[in-house]
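# What the coordinates show
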Amino acid sequence: MGRWHRLAEPMGLLYGDAAVAAVRQGMALWLMGGAVAFSCVRLIEGAQVSAPLPVGDVPADWQSVLGRLVAPVPDAGLPAGAQVMGILNTTPDSFSDGGQHDTREAAVRAGRAMAEAGCRVLDIGGESTRPGSVVITPAQEWERVGPVIKGLRQEVPQVALSVDTRNSLVMERALEAGAAVINDVTALQHDARALSLLAEHDCGIVLMHMRGTPQTMEQYAVYSDVACEVVRELGARVEAAEAAGIARKRLMVDPGFGFAKTAAQNVELLRRCLLLANLGCRVVFALSRKRMIGDMTGEATPAARDAGTQAASLQAMPLGQPVLRVHDVPGMVQALRVWQALYAAKA
């Protein structure tokens, strides 16, 4: 039936002193080796979902599934702990910041400002993947991102660089130029050479969930249980990467908010995002300024959705060492620090 037929959904979260006391008494477990504990789970087998069970009442034959939720997640090539990943698009047509960073100088200046605001990871993209976006060649994409990678390596060498690409030519050149992470919206399915290429390197890799392509994905937004299906489909991509020789410790997963999902499905996926803990990988949350934030808030202007982005992104904080990918780095850093001051310390 496959490794992901059975899933466990953590519930009943506890924080701070209450979490410590509950774990000591055997009433809760630490989630993904982090500072948040869970006291209950729902057991999901295929389409069958149990009522919430205390963690101490989970049957013996489900203990291995429960163990997935507890295991600490590896760093996957990025700094440890929860991180803000600054978005640096070098595209003329991205939905929020298209054209703002389409010169080397502007992009490097913006990256330096993000680093000064507390960002330790920058994600550089040269091809828009918004719905209906125009496809460009890998060579054109590299012309956009190559000079920016090299400039940032000189200006902010302490910052880890991620490159948002689905093309092996760009992946290879980016890694040669000093990138630490490859972030592929197709989970290494677009380019037939990507899996074998990345198996030869030691970089971190982000596998994002999407069905179809940016041009066709909206017609594939059909799910019986969006949260479970996203986890299972990402699990299949994790297995494909491992089969190609890529170690699990290098992998991160992104549930792909806004990609082949309706407004209601995005909300449901966000609400049940803790299911991602089953995959045992670091989680990337990338919902900055997206239409789903506009749908929830009534804000039509993407650049005015940063407060909504911050509120939604904090949903990922119980997931071990989440990576919060945003346009507004200063605001997200502030929100992250407030959350940590309230909840992250173990007594």
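Now for a quick tour of the structure. (Residues numbered from 1 in each chain as written. Predicted model: local features only at pLDDT ≥ 70, side-chain atom pairs only at ≥ 80, totals over all residues. Heavy atoms only, no water.)

## Focus: empty space enclosed by the protein
Filter applied, for reference: Buried and open spaces are told apart on a 1 Å grid over the protein atoms alone, a cavity being a set of points where a 1.4 Å probe fits but cannot get out and a pocket being an open set with protein on both sides within 12 Å along at least five of seven lines. Residues with an atom within 4 Å of a point are the lining residues. Grid points are joined across faces, edges and corners, and a volume is the space filled by probe spheres set on the points. Only Asp, Glu, Lys and Arg are considered charged, only Ala, Val, Leu, Ile, Met, Phe, Trp, Tyr, Cys and Pro nonpolar, and every remaining residue, Gly among them, polar.
Counted according to the given criterion, the structure contains one cavity of 30 Å³ or more. Space inside the largest cavity adds up to approximately 40 Å³. Together, Glu 127, Thr 129, Glu 141, Asp 164, Thr 165, Arg 166 and Val 185 line the largest cavity. Each residue belonging to the lining of the largest cavity can be placed in one class, and the counts come to one nonpolar, two polar and four charged.

## Some words on a nonpolar patch on the surface
Quick reminder of the rule: Patches here are clusters of residues that have more than 30% relative accessible area and form no salt bridge, with a 9 Å joining cutoff for like charges and a 5 Å cutoff for nonpolar side chains (Val, Leu, Ile, Met, Phe, Trp, Tyr). Areas reported here follow the Shrake-Rupley algorithm with a probe of radius 1.4 Å; residue values treat only the protein chains shown as occluding. One side-chain nitrogen of Lys or Arg within 4 Å of one carboxyl oxygen of Asp or Glu is enough to make a salt bridge. Secondary structure counts use DSSP, requiring at least four H or I residues in a row for a helix and at least two E residues in a row for a strand, with both numbered from the N terminus.
Side chains of Val 338, Leu 342 and Tyr 343 sit close together on the surface and give an oily, nonpolar patch of about 280 Å² of accessible area. Note that Leu 342 resides in helix α11 (residues 329-344).

## Describing the packing of helix α4 (residues 138-155) against helix α5 (residues 168-176)
Working note: a packed helix pair is described by the angle between its axes plus the distance between those axes. Applicable threshold: Axis geometry follows a simple rule: fit a line to the C-alpha atoms, using only the stretch in contact for helices, then measure angles between N-to-C directions, giving values from 0 to 180 degrees. Just so you know how the angles are binned, under 35 degrees is roughly parallel, over 145 roughly antiparallel, 65 to 115 roughly perpendicular, and the rest oblique. The handedness criterion is simple: a crossing whose near helix is rotated anticlockwise from the far helix by less than a right angle is left-handed, and one whose near helix is rotated clockwise is right-handed. Residue contacts follow a heavy-atom distance rule, with two residues in contact if any of their heavy atoms lie within 4.5 Å.
Contact geometry of α4 with α5 gives a least axis separation of 9 Å together with a crossing angle of 20 degrees. By the angle between their axes, α4 is roughly parallel relative to α5. The interaxial crossing formed by α4 with α5 has right-handed handedness. Counted together, Pro 138, Glu 141, Trp 142, Val 145 and Ile 149 of α4 and Leu 169, Val 170, Arg 173 and Ala 174 of α5 form the full contact between these two elements. Residues belonging to the contact of α4 with α5 are distributed by class as follows: seven nonpolar, no polar and two charged.

## Some details on helix α2 (residues 63-70)
Keep this limit in mind: Each residue gets one of three labels from its accessible area relative to the maximum for its type: buried under 20%, exposed over 50%, partly exposed in between, using a 1.4 Å probe on protein chains only. When we speak of the arc, we mean the arc of directions from the helix axis to the C-beta atoms.
Taken together, the buried positions of α2 are occupied by Val 65, Leu 66, Arg 68 and Leu 69. Viewed end-on, α2 has its buried residues packed into an arc of 145 degrees, placing them on one side of the element. Lining the buried residues of α2 we find β1 (6-15), β2 (29-30) and β3 (36-45).

## Examining the packing of aromatic side chains
Given two aromatic rings, one states the distance between the centres and the angle between the planes to describe the pair. Put simply, the rule reads: Pairing of aromatic rings covers Phe, Tyr and Trp, the last through its six-membered ring, and needs centres within 6.5 Å; plane angles under 30 degrees mean stacked, over 60 mean edge-to-face, and all others mean tilted.
What the rule picks out here adds up to four aromatic pairs. Ring geometry for Phe 257 and Phe 285: centres 5.0 Å apart, planes at 80 degrees, overall edge-to-face. Separated by 28 residues along the polypeptide, Phe 257 in the loop between β11 (251-254) and α8 (263-271) and Phe 285 in strand β12 (residues 282-285) bring together distant segments of the chain. The rings of Tyr 15, Trp 339 and Tyr 343 are connected pair by pair, giving a single aromatic cluster.

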